[in-house]
Amino acid sequence: MEKTRVRPFIVDFLAALAILLLLAGGGLWLAQRYVAARLAPDPTTIANASLSGLREQNRLSAFAARFVAVVTSKQSQFGLSAERTTIMPGMVRYEVDLGRLSQRDVAWDDTTKTLSVRLPAVDVTPPAIDLNAIRSYGSGGVLMTLTDARETLDSANRSAGQAELLKQARTAPMMNMAKDATRRAVERSFAMPLKAAGIDATVNVRFADDPRRTDEHWDISRSLDDVLGNRS
């Protein structure tokens, strides 16, 4: 008789213990999830800090190139003619105005772990002329002696030379190289802090004047302005 009384008690005790263990395990799991959510690095916060750092730089110049313009001008007067050719080297820098970046230009897609950044168009700076390297030669010494043809032709060549340098700098291959260099620099600026925080993310950078791709899904990503705005 005593054995039949003890057995149900043991069964009930074990069942109650199992329930308590399950409840404790569930509570521990919830606690771990809560702690992990609190301690896990937030990619939008990190991206916003990177954005602030970039904007403080004001203008980013990640690419520069040297070009040489060869221009010729002619002038006729009093039945005489003069001609001057100028070889003008100059350095051109390619810049992006980071001060124009806003939180609307940075979007985080949590599904694909992708950070998309939209940069302003690349600007080409006025050429920095190497004055010591300018070379000029020409013909028509009589007219140059009698008039100011030399100065007039040299001035025209300088203006035409600067225009030619800008024309060379704005060709599609040069602009593409400038964009690639700028894109890599900005991608590193966002990717390195995310990687340091243990976030495996992809950073995609495009420019405001880039053709819109058919596979682009900017609208489904949430900009930092939207994400951070919802927290306030």
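Residues numbered from 1 in each chain as written. Predicted model: local features only at pLDDT ≥ 70, side-chain atom pairs only at ≥ 80, totals over all residues. Heavy atoms only, no water.

**Things to note about the overall build of the protein**
Worth spelling out the cut-off: For the purposes of this entry, the term helix denotes a DSSP run of H or I that reaches at least four residues, the term strand denotes a run of E that reaches at least two, and both are numbered from the N terminus. Residue exposure (1.4 Å probe, protein chains only): buried if accessible area is under 20% of the type maximum, exposed if over 50%, otherwise partly exposed. Using a 1.4 Å probe, the Shrake-Rupley method yields the accessible areas, and only the shown protein chains count as cover for residues.
The number of helices and strands found in the protein is 6 helices and 9 strands. Across the 232 residues of the protein, 34% fall into the buried class. For the protein, the computed accessible surface area is about 14600 Å², with 57% contributed by carbon and sulfur atoms.

**Notes on the environment of leucine 153**
Note on placement: leucine 153 falls in helix H4 (residues 149–169). Taking the relative accessible area as the measure of exposure, leucine 153 reaches 2% and is therefore buried. Separated by 80 residues in the primary sequence, leucine 153 and serine 73 place their C-alpha atoms 5.8 Å from one another.

**Quick notes on helix H2 (residues 43–56)**
Since the α-helix advances by 3.6 residues per turn, residues separated by three or four positions end up pointing in the same direction. Quick note on the threshold: Multiplying 1.5 Å by the helix residue count minus one yields the expected span of that helix. Here, the arc refers to the directions that run from the helix axis to the C-beta atoms.
Compared with the 20 Å implied by 1.5 Å per residue over 14 residues, the 20 Å span of H2 between its first and last C-alpha is a close match. Burial in H2 covers these residues: Pro43, Thr44, Ile46, Ala47, Ser50, Leu51 and Leu54. Angular distribution of buried residues about the axis of H2 spans 155°; they occupy a single face of the element. The outward face of H2, more than 90 degrees from its buried face, is lined by the exposed residues Ala49 and Glu56. At the C-terminal side of H2, asparagine 58 shows a positive phi close to 70°.

In short, geometric facts, not functional conclusions.
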